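Results of the structural survey
Single-letter residue listing:
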Amino acid sequence: MKPEWELWAQEAKAEFPKANSALLPLLHRIQSQEHYLSEDTIRDVAVLLKLPVPYVESVASFYSLYYKNPVGKRIIHVCMGLSCALNGSDELMHHLEGKLGIQEGQTTPDGEVSLLEAECLAACNLAPVAQVNLRFVGPVTEDTADQLLTGEVKS
Amino acid sequence: MTQTFYLLRNQAVPDIDRIEVYEANQGYQALRKALKEYEPKALVEMVKASGLRGRGGAGFPTGMKWSFLPDDGRPRYLVVNSDEAEPGTFKDRELIEKNPHLLIEGMIISSYATGAREAYIYCRGEFLFGSEQLKRAVAEAYQRGYLGENILDSGFSLDIKVYRGAGAYICGEESALLESLEGKRGNPRLKPPFPAVAGLYGMPTVVNNVETICNLPPLVENGPEWYRSMGTEKSPGLKIMSVSGHVNRPGNYEIPLATPLRALIEEYAGGVKGGRQVKAVIPGGSSVPVMTKDQLDTPLDYESILAAGSMLGSGGCIVIDDQTCMVAVSARLLKFYREESCGKCTPCREGTFWMTDVLERMEAGEGTPHDLDLIRDMADNIAGKCFCPLGDAALGVVVSAMKYFPDEFEAHVTEHTCPMGARLYDTVNH
Amino acid sequence: MIRLTIDDREITVPEGTMVVDAAQELGIDVPIYCYHQALGPLGACRICLVQVEKMPKLVTACTTAVQEGMVVHTRGSAVDKGRQGVLEFLLINHPLDCPVCDKGGECFLQDYTFQYGSAAGRYDEPKIHKLKDAAINEFIIIDQERCVLCQRCVRFMGEYVGEEQLLLEGRGVETVVSTVSHQPMDSQFSGNVIDLCPVGALLSIPYRYKARPWNLERAESVCPHCPVACTTSVTSREGHVIRVEGRPIPGHDWGWLCDRGRFGYDFGYVEDRLLNAWLDGEITSAAESTRTIGSWLNDTLEQHGGDSVAFLVGGQQTMEEAYQIRRFADEVVGTSKVAVSRSVKGYLPLGLNGTFEDLDRADTIVYLGQDPYDAVPVVHLKVRDRYRDNPGLKVIGIGAYDLTRSTVPGDAFVLEPGEEAAFLAYTLAKVAASNPIIARLGEELGDFSPTFKGAKSEQEVETLGRQLLESEHLVLLWDGKDPHMESVLLALRGLREDVTAVLPTFGPANWRGFERAGIAVDYDRLEAFVEEAIQGKIHLLFSIGADLLRDYPDRERAKAALAAIDRVVSVGLFFPEQRELYHAVIPGAGWSEVDGTYTNMEGRMQVAKATVQPPGQSRPVRTYLGSWAHALKKSFVLEPEWDPFDHNAGDLIAKDALPEVQSVPKPARPAMKDGALRLVGTALVMEGGMPSEILQPRIPKYPGRISLADASRLGIGEPGGELGLRGQQGMISVMVAVDERIPQGVLVLPYGVVGSPLNQLGDGAVVEAVSLEEVSLR
Ligand SMILES: Cc1cc2nc3c(=O)[nH]c(=O)nc-3n(C[C@H](O)[C@H](O)[C@H](O)COP(=O)(O)O)c2cc1C
Ligand code: SF4
Ligand code: FES
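Residues numbered from 1 in each chain as written. Chains lettered and ligands numbered in written order. Predicted model: local features only at pLDDT ≥ 70, side-chain atom pairs only at ≥ 80, totals over all residues. Heavy atoms only, no water.

In this section: the interface of chain B and chain C. Between chain B and chain C, the residue contacts involve 31 residues of the former and 35 residues of the latter. Roughly 2800 Å² is buried in total at the junction of chain B and chain C, and carbon and sulfur atoms are behind 56% of that figure. Looking only at chain B, the three residues that lose the most surface to chain C are F353, W354 and K385 of chain B, adding up to 22% of its buried area. Close ionic contact of K81 of chain C with D377 of chain B constitutes a salt bridge, the shortest N to O distance being 2.8 Å. Summed over the shared surface of chain B and chain C, the result is 17 residue pairs in polar contact (both at pLDDT 80 or more). Contributions of two or more residues to the side of chain B that touches chain C are made by α13 (326–340), α14 (346–363) and α15 (369–382) of chain B. The leading source of residues in the side of chain B that touches chain C is α14 of chain B, at 10 residues. Across the side of chain B that touches chain C, the residue classes break down as 13 nonpolar, 7 polar and 11 charged. (Contact = heavy atoms within 4.5 Å. Buried area = accessible area lost by both parts, 1.4 Å probe. Salt bridge = Lys/Arg side-chain N within 4 Å of Asp/Glu carboxyl O. Polar contact = N/O pair within 3.5 Å; in protein donor to acceptor, adjacent residues only side chain to side chain. Helix = DSSP H or I, 4+ residues; strand = E, 2+ residues; numbered from the N terminus. Nonpolar A, V, L, I, M, F, W, Y, C, P; charged D, E, K, R; others polar.)

Written as structure tokens, this is what we have:
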């Protein structure tokens, strides 16, 4: 457990009337530091919020943005929604897979980049759209696709 | 093209997300008016009189929803649904990213009207920027005295909290949203009790869509008659339509209800890309049945679209051109529902899984004629039998596509290939 | 009340009833997976679809509450098609491996598939593969592929028991049931999920591949392990008990069991089970031993008369057997010396005895001396059930350590050991000193005042007093240890206007049944028997299903008593402790081997059927009694007209008049040296109890429990360690672990731990920690 988590937990709890509500925000905050939620992290969060471990485990496993396994520092989500598909997202995904030498759902062996499918990202006006560490990029054209891999990363 | 700007009117103003700029553009005037000139009950009556219907998908009359709150002295909550994840819909994201104060102003008015002292915005997990914008705007509003104790000396107090989900479409369903807001798995709740009676933390709760609430400032400024001067008797007012797919100018367009679909596509969104023809339109987000090119003159209002066999839904209008394979479209959407089923109930969990497999197999040229009956029967076994509306939502496009484009489905299973030459990402290795 | 029509038949049911339950009352079966009355509606599986007139869609019968004038159809083409669809969906990711599944023949999935005939074989996509055959603890295996995600198991453990040891992991079609961080579940209620699972996803490891439904027999029984006597169903095959399941009794009992009750059934087959007769340390035939014992009886009667023969009975016998023993003593032997072997001294007058229904209605529940979770586990579930129903339930723990736990939060009064009765008398005097009954109670208390471990204010004591007097439905669960408590309980009954019900949590399991059979169970009897034995007044003892050395509170005295008797005969399932003190040990038949009636802690009589034959040379007690009567050439009719049931009181034993309130003496506080500990005995169903190979891996290695402060002082770390103890009467060593509920200066040890006999030092004794070498040199 990192020393600052205690404080983060206090802050999350202070914001909501019930401790449970603090769970999602705290998981987000810790994950943004740790990149993923290990079993130990889940236990720590349970302790911090005085929630049963299985409860935290079960909740975390429900949401697709909580990662149970390590992911890359750069997480690329390619939207596979219908509007994006109509505008070439399949091709974009293939292109990135080729470039990175990995399949969708995987992380590069050096642990730098994870390539993930996203369901419709509610940015169909930017189709085909992607997110890099949850920051929108789009429309991604053949020419700009590679910027997904190299552009500045925010987290 | 006649663009009516109310909700989107300031969208292009630089820095409209800053409170000074928002204020300089009449921002928070409606709030002042509401607090000064109206009793809460009168505001509820105004919303009723305007005929405003919820913009989150179901189109439920907002004023009526507000009046369901029991008058029993328990604390009440307003929860704004900003989980926008219905494929094809992207209006709420634009509203919160570009003009967050409009929502906040609408929320303060709505909370005042409904007697909520605490309000939440449930943002979709992927809306990292949107939630940051909201948090910043909320902080600004506190600073200027629009939030907190005794707002503008009215005696009314309100706190707003911004909450971010973590990736689950089902959390857009209001009861699953409340579960998620309480830090649980986003499984829908058994109803009754409805949120109005037992919602967030078991207290009376109003859940409204972002766009619904954004209607409040212009409504207070201009009054219900103005609102009713647009649209139809049962669908008055304005609606933001998110247009995407094969159009030249994808984007959000605010239209008076009952504007014809054709006008939306051709005038607002600049027509179909590459000079091709419309084959099908999903008018209200991926959960509604498709419409065909023969139906383009349908007015975009709740009743007319229903009469045409579809629904206005959330206003996510996906335009599909004549070179697109409808089996591929169906498969892609089914996969979405398979991924997003919460897994609680059998027909939704297993049915979307199976149907996706069959459609992807057909798209990959490995279908058999028997598959067509199978899909229809599966759809029948899902329809009306799920715990929440997600299961039914999964069926809208596929069932209607099979009805309107039977030949295309037939061809896939008789010729074992896609006549449009399409191949889906996931089926490439099928 | 609401009137509605289901399948053209009218029924009236209470408001809030679900359609599925209303149908059940009419005997109409609506299929269910996820629904369970104890867990409430969920609406997940969708198999219970029915048609309600005027509703546009089919509805789920488990989530639809009845409404006046509702017209329901539970069958019909739409309903059947809907259910067929659900079944087909459930089967697509199911491995369809019924031929190798233990649930085959008892599976809801299989049954409904036969009934609704699914359109089998339409699914030919690849199935999702999940975990198969993975143990989730020592007793239970999970097959996630067979799971229908009804969530019964998850909800039972989490919502019902309050021990969240199972969870849903993942989302959508990838969702699985799993344990916490994939660690074994250790709740003592874990086995219930096997009964709850409607399909073959959660299966019993000990029962695995042992039988199929067509080659087994099932008999209704009750659990012999503790005074709750849960209703069970015993499965046997080829003369062996191979499974115990809970047996729900609609409207009365959910049929939950604790893991001791569910998996501890193999005590009949463990290596130590007596299969032969032993005479003076040598194996003999059954015939030889009975003949010899018969001649001992004959000789003793001739030489010393009937009163020189005594009978000591333990916890294993049925009421009918107890009745036979008493008659044999009376009519054949002519002795009045029949005592019950016990470890606690208290007695509860039948007139105070409450029932489990009192728990269902209680607004205040008091634990006296013991946490029911440990001694009578399923009572804990009943209390929790009440708590779920009525979150305002007051729970109060009064004892030498904190008796409450998080699953049913309560208020704990932690006292000096053995001062519960004095404390309550003191407390009552605080709020109603002028009342003559209370005054009588406190006559001998003198200047007693309680000391609390962990602060309690005078105010809190007064509040407790008022709660005791004024609560609307008071239930007390008493461990029977402090005999003066009887008067406190009588006083409460006498003073209170509303219901006062006491449930005795102490054993032996069937003591109330012995009483009904005419055997006095009071501790004074046992004490008198021991005294007479020591004085040489007993020449022949029949110890039947008893083990004095293990049970009796003072081990040295028990030894002296047995040693002073000329001939000691033991009839039982196992060798008694220190078998050299016995002249004959003959194998008895026990639970599941004899038909009979048992009375539980409510005073409720329940019949248990025999399912198997006694193994080896073991025989039912009545057989032995018959042959000994024969040896004396006396006639002893084995089939008397005795029916334990009293037709006016139903299955409850009729109540009798209550004794007078006596005063509670001021407790003596022994001097404590620095670092000394007080020993506190407790009944633990898991730790103490009959041997079981199945349960062995689950029996805690560290049955003794001490505070963190004492543990660190004594150098006991995680997970526990061994401690030498010296008291006035000797030394023992005991495996201890930390329990945060125990206050400093107290060591809690279950009765009957093999190798660490509490009664060697004495319950309540002051002991000192000594080195293990010192203990081994003793
Ligand atoms: C599966 C599902 C997803 C939904 N997603 C959303 C959503 O993303 N945003 C939204 O406002 N409403 C969504 N809804 C509708 C909400 O349940 C609810 O009706 C709405 O938030 C009410 O607000 P309104 O009355 O202002 O429309 C969804 C409903 C379902 C069944
Ligand atoms: S394991 Fe059994 S009880 Fe648990 S969810 Fe699966 S089917 Fe239901
Ligand atoms: S999506 Fe989960 S039950 Fe409908």
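All names here are of chain B. Strand order in the open sheet formed by 5 strands is β6-β5-β9-β7-β8, and the pairing between neighbours is mixed. Because the sheet does not close on itself, it has two edges, and the strands there are β6 (251–256) and β8 (291–292). Relative to strand β9 (residues 316–321), strand β5 (residues 238–245) runs parallel, the two sharing 4 bridges. Residue pairing across strands places V243 opposite C317, the latter belonging to β9. Along the sheet, helix α11 (residues 261–268) makes contact with β5, β6, β7 (278–282), β8 and β9, crossing β6 at roughly 135 degrees. (Pairing = 2+ DSSP bridges. Axes fitted to C-alpha atoms, helices over the stretch in contact; angles between N-to-C directions.)

Our focus in this paragraph is the domain arrangement of chain C. Residues and elements named next belong to chain C. The domain boundaries assigned to chain C delineate domain 1 (2–75), domain 2 (124–268), domain 3 (277–343 + 510–631), domain 4 (350–504) and domain 5 (677–776). Taking only C-alpha atoms, the centre of domain 1 and the centre of domain 2 are 27 Å apart. If you look at the interface, domain 1 gives 12 residues, while domain 2 gives 13 residues. For the pairing of domain 1 and domain 2, the buried interface totals around 1000 Å² over both sides, and the portion due to carbon and sulfur atoms is 66%. (Domains from an automatic or database assignment.)

Residues and elements named next belong to chain B. Around ligand 1 sit 17 residues in total, of which G56, K65, N208, N209 and T212 are the nearest. Protein chains shield 90% of the accessible area of ligand 1, which is 610 Å² for the free molecule. It is strand β4 (residues 205–209) that contributes the most residues to the shell around ligand 1, 3 residues altogether. Of the residues belonging to the shell around ligand 1, the class tally is 4 nonpolar, 7 polar and 6 charged. (Near = heavy atom within 4 Å. Areas by Shrake-Rupley, 256 points an atom, 1.4 Å probe, with all protein chains shown as cover.)

All right, on to empty space enclosed by the protein then. Residues and elements named next belong to chain C. Inspection of every chain in the model, using the stated rule, returns 11 cavities of 30 Å³ or more. In this structure, the largest cavity encloses a volume near 110 Å³. Residue composition of the lining of the largest cavity, by class: 6 nonpolar, 3 polar and 5 charged. Every residue lining the second largest cavity is counted, 15 residues in all, and those nearest its centre are C147, C153, C197, A201 and L202. By residue class, the composition of the lining of the second largest cavity is 13 nonpolar, 1 polar and 1 charged. (1 Å grid on protein atoms, 1.4 Å probe; cavity = no way out; pocket = protein on both sides within 12 Å on 5 of 7 lines; lining within 4 Å. Points joined across faces, edges and corners; volume = space filled by probe spheres on them.)

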